[in-house]
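Here's the letter readout for the chains.
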Amino acid sequence: MIAYITVGVDDIARAKRFYSAFLPALDYELEESSEGLSYVPPSQPGQSAALPDFYVKPPFDGRPASAGNGSMVAFKACNQKQVRDLHAAALAAGGSDEGQPGFRAAYSPHFYVGYLRDPQGNKIALFSSDPNEP
């Protein structure tokens, strides 16, 4: 099981604006520290923490952040409308479009996905795969 994912950024304020435009709608709670941003799924009292956490931080080595070629983080939405709404919110918050929400012929018939880049260039997918939706 994946415990956490970290993406590197150089501008925490821009990253916060971008990620806070959609991660709270997916039940991630923001925790800020001097090291950066931590978006954490809520856990219920008496239960183990929900995973994975998503960290947005400057690189530890102090060099400029760069997006990984071929790297992508995907977040599951509740339905197709939420994919569209969150994709639009992320674009309005400084992201760039990497593929409008919709179905892709190469994927399963119920896989509905939109792609973005955060202000640093990290690739993000928002998807839904509810078989009860058309």
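Conventions used here
- Residues numbered from 1 in each chain as written.
- Predicted model: local features only at pLDDT ≥ 70, side-chain atom pairs only at ≥ 80, totals over all residues.
- Heavy atoms only, no water.
- Pairing = 2+ DSSP bridges.
- Helix = DSSP H or I, 4+ residues; strand = E, 2+ residues; numbered from the N terminus.
- Axes fitted to C-alpha atoms, helices over the stretch in contact; angles between N-to-C directions.
- 1 Å grid on protein atoms, 1.4 Å probe; cavity = no way out; pocket = protein on both sides within 12 Å on 5 of 7 lines; lining within 4 Å.
- Points joined across faces, edges and corners; volume = space filled by probe spheres on them.
- Nonpolar A, V, L, I, M, F, W, Y, C, P; charged D, E, K, R; others polar.
- Phe/Tyr/Trp six-rings, centres within 6.5 Å; stacked < 30°, edge-to-face > 60°.
- Buried < 20%, exposed > 50% of the residue type's maximum accessible area, 1.4 Å probe, protein only.
- Salt bridge = Lys/Arg side-chain N within 4 Å of Asp/Glu carboxyl O.

### Quick word on the sheet that holds strand 1 (residues 4–8)
Reasoning step 1: Within the open sheet, the four strands sit side by side as 1-4-3-2. Their pairing is mixed. Only two strands of the sheet have a single neighbouring strand rather than two, namely strand 1 and strand 2 (29–33). Along the sheet, successive strands turn relative to each other by an average axial angle of 20 degrees, direction set aside.
Reasoning step 2: Where strand 1 lies against strand 4 (residues 53–57), five bridges are found, and the strand directions are parallel. By the bridge assignment, Gly8 is partnered in strand 4 with Lys57.

### Description of the sheet that holds strand 6 (residues 96–103)
Reasoning step 1: A sheet is described by the order of its strands in space; here four strands give the open sequence 5-8-7-6, paired in mixed fashion. The open sheet terminates on both sides in strands that have one partner only, identified here as strand 5 (73–76) and strand 6. The sheet shows a mean angle of 15 degrees between the axes of neighbouring strands, taken without regard to direction.
Reasoning step 2: As paired strands, strand 6 and strand 7 (residues 112–117) are joined by five bridges and run antiparallel to one another. Its bridge partner being in strand 7, Gly102 is matched across the sheet by Val113.

### Observations concerning unusual backbone geometry
Reasoning step 1: The backbone of Asp27 shows a phi angle near 75 degrees, a positive value even though the residue is not glycine.
Reasoning step 2: With respect to the element layout, Asp27 can be found in the loop between helix 1 (12–19) and strand 2.

### Concerning the layout of surface pockets
Over the atoms rolls a probe the size of a water molecule, and in doing so it shows where empty space is left.
Reasoning step 1: By volume, the largest pocket is sized at about 150 Å³.
Reasoning step 2: Grouping the constituent residues of the lining of the largest pocket by class yields three nonpolar, one polar and two charged.

### A look at the environment of Ala106
Reasoning step 1: Within the fold, Ala106 resides in the loop between strand 6 and strand 7.
Reasoning step 2: Distance in space between the C-alpha atoms of Ala106 and Arg14 is 33 Å, their sequence separation being 92 residues.

### Points about the packing of aromatic side chains
Reasoning step 1: Under the defined criterion, the tally for this structure stands at twelve aromatic pairs.
Reasoning step 2: Seen from their ring centres, Phe18 and Phe22 are 5.4 Å apart, and the 80 degrees between their planes marks the pair as edge-to-face. The same class applies to Phe18 as to Phe22, namely buried.
Reasoning step 3: Each member of the aromatic cluster is reached from another via a ring pair, and the members are Phe18, Tyr19, Phe22, Tyr28, Tyr39, Phe54 and Phe75.

### Focus on the pattern of salt bridges
Once the charged atoms of two side chains with opposite charge are near each other, the side chains can pair.
Reasoning step 1: What the rule picks out here adds up to five salt bridges.
Reasoning step 2: Among the salt bridges present, the one from Glu35 reaches Lys57, with a minimum N-O distance of 3.8 Å. Taken together, the positions of Glu35 in the loop between strand 2 and strand 3 (36–40) and Lys57 in strand 4 put the pair 22 residues apart, joining distant regions of the chain.
Reasoning step 3: One salt bridge in this structure joins Lys81 and Asp85, with 2.5 Å as the shortest N-O distance. On the criterion of helical spacing, the pair formed by Lys81 and Asp85 is a turn pair, its members being four residues apart in helix 2 (residues 80–92).
Reasoning step 4: Here Lys81 falls in the partly exposed class, since its relative accessible area comes to 48%.

Remember, this is a structural readout, not a statement about activity or role.
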